[in-house]
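A look at the structure
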Amino acid sequence: MADVRPFRAVTYARPSADVTAPPYDVLDDALRAALRARDPHNVVWLTSDPDEAAAGRRFREWLDEGVLVRDDEPAVWVLEQDVPVGHGVPLRRTGIAASLRAQPYSDGVVLPHEQTHAGTKRRRLRLLRAARAQLEPILLLYDGPPPLEAPARPPDLDAGDTRLWRVDGEGVDEAFASAQLLIADGHHRYETALAYAEEAGPDRLLAVLVSTEDPGLVILPTHRVFARRADVDPGDEAFANVEDALAALASEPYDHGAAVYLGQDGARLVRGRPGELDVELVERFGREGVSYTPDEAEAVRRVRAGEADGAFLLRATRIEDVFDRARRGVAMPPKSTYFFPKLLSGLLFHPLEP
């Protein structure tokens, strides 16, 4: 059974977009510095400080100083986030932010779909020990309609493209009791919560639950760019230009893997084995020299500029394929999915102490 409950959230006393940030794992040095300069209390000072002990102390100091405040009563939050898909049609993704019990994958309640890295989990565990709070949410998916909707009133928290309403959450535990939850984003944070629980710590974490029926649920492909890998030569069907190859890729059925490989000698459509996903096809070429980007134009630019030997341009992984692999216990390669947009950090925090 999924254990989803209301919780006493911590929020900024003066919430604004200036104190929010993307999650720690998508920040580069330039963006991190810009966010620090934007506001002395921006959440990156908590989530992305290389000194995890200092970040944890800072969280508790901000609570003592009143920069952060804690709700008196437990609640859940309806979260609405704008999805800038760029097609002229406004989309919104709606989820429920609540406290989730971290359960071992073997229970079959929470399902992973991607592999994780030990070093990242060690760093996140040091931060969790120091802060004694979950500082960023993870994103999970479930089948079926949502049990709550945004109330017809102004939001309690407004960060521009993300809005939250506090609701009492009555019945939310029963609504998710039989649900199977798929981790869409936040595998490292979830497994860190499991490790923390094994140390006799609390086993709760901050989760945003989104229905697979939500019209704003968007997955982008993550393209693979290879540097110092002149040995990558996938062969297959050649095209005069990358645009024609991508048009052919869009017509390929999903019953086999497919991708466009752009190398120094042109573009080719590469077809995989029956039942193989695009990311599994590309994984056969290894990870040495690989970097990742959801920006197709950036991947093409790097190849044409000679900064990379080649790039695989992929289709977005379908949510039904992600659920299928997860339910069968098949781990997908890293960066198999990019659920867009990322959840903002700095709106809600989940203390792990009474």
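Note: the structure precedes this text.
A brief look at the structure comes next.

**Observations regarding the packing of aromatic side chains**
- Per the counting criterion, the structure on display carries nine aromatic pairs.
- Judged by centre distance (6.5 Å) and plane angle (50°), the ring pair of Tyr-12 and Trp-62 falls under tilted. In this pair, Tyr-12 is assigned in strand S2 (residues 10-12) and Trp-62 in helix H3 (residues 52-65), connecting sequence segments 50 residues apart. Pair check on accessibility: Tyr-12 and Trp-62 agree, each one buried.
- Here the aromatic cluster, defined as three or more aromatic residues joined through ring pairs, consists of Tyr-12, Phe-59, Trp-62 and Phe-349.
- Sitting over the ring of Tyr-24, Arg-124 keeps its end group 3.7 Å from the ring centre.
- The ring of Tyr-254 carries the charged tip of Arg-315 above its face, separated from the ring centre by 4.1 Å.

**A word on the sheet that holds strand S15 (residues 237-239)**
- Spatially, S15-S17-S16-S19-S14-S18 is the arrangement adopted by the six strands of the open sheet, whose pairing is antiparallel. For this open sheet the edge positions go to S15 and strand S18 (290-293), each flanked by a neighbour on one side alone. Across this sheet, the average inter-strand angle for adjacent strands is 25°, counted without regard to direction.
- As judged from the three bridges shared by S15 and strand S17 (residues 266-274), these two strands associate in the antiparallel manner. Bridged to Glu-237 within S17 is Leu-269.
- On the sheet, helix H7 (residues 242-250) packs against S15, strand S16 (256-263), S17 and strand S19 (310-313) and is oriented at approximately 175° with respect to S16.

**What about the pairing of strand S10 (residues 162-167)?**
- Among the six residues in S10, five count as buried, and that is most of the element.
- Across six bridges, the pairing between strand S4 (residues 76-83) and S10 is antiparallel. Residue Val-76 lies in a different strand from S10, and its bridge partner there is Val-167.
- Where strand S9 (residues 157-158) lies against S10, two bridges are found, and the strand directions are antiparallel. The partner of Asp-158 across the bridge, within S10, is Arg-163.

**A short note on the nonpolar core**
- Counting residues in each nonpolar core, the largest one holds 40 residues, and the members touching the most others are Trp-77, Leu-141, Leu-182, Phe-312, Ile-319, Phe-339 and Leu-348.
- Elements supplying a minimum of two residues to this core: S4, strand S8 (138-142), strand S11 (181-185), strand S12 (204-211), S16, helix H8 (278-283) and helix H10 (319-327).
- Looking at this core element by element, the count peaks at four residues for H10.
- Once you skip the residues sitting within four places of it in the chain, Leu-182 turns out to touch Leu-111, Pro-112, His-113, Leu-139, Leu-140, Leu-141, Ile-319, Val-322, Phe-323 and Ala-326.
- Core analysis: the second largest hydrophobic core is formed by 25 residues, Tyr-142, Val-167, Val-172 and Tyr-190 among them.

What counts and how
- Once a new chain begins, its residue numbering starts again from 1 and follows that chain's sequence as written.
- Totals for whole chains, interfaces and linings use all residues, but because this is a predicted model, local features are given only for residues with pLDDT of at least 70 and pairs of side-chain atoms are given and counted only at 80 or more.
- Heavy atoms from the whole structure form the basis of all side-chain values; hydrogens and water molecules are not counted.
- Pairing of aromatic side chains requires ring centres within 6.5 Å, counting the rings of Phe and Tyr and the six-membered ring of Trp. Pairs whose planes differ by under 30 degrees are stacked, by over 60 edge-to-face, and all others tilted.
- By the criteria applied, helices consist of DSSP H or I runs no shorter than four residues and strands consist of E runs no shorter than two, each listed in order from the N terminus.
- Only protein chains enter the accessibility calculation, which uses a 1.4 Å probe; a residue is then buried when its area is under 20% of its type maximum, exposed when over 50%, and partly exposed in between.
- Two conditions define a charge sitting above a ring: the NZ of Lys or the CZ of Arg must be within 6 Å of the ring centre, and it must be within 35 degrees of the ring normal.
- Here, strands pair whenever DSSP counts at least two bridges between them.
- All axes are obtained by fitting lines to C-alpha atoms, using only the stretch in contact for helices, and the reported angles, taken between N-to-C directions, cover 0 to 180 degrees.
- Here, residues are in contact when the closest pair of their heavy atoms is within 4.5 Å.
- Think of a nonpolar core as a cluster: buried Ala, Val, Leu, Ile, Met, Phe, Trp, Tyr and Cys residues, connected wherever their side-chain atoms sit within 4.5 Å.

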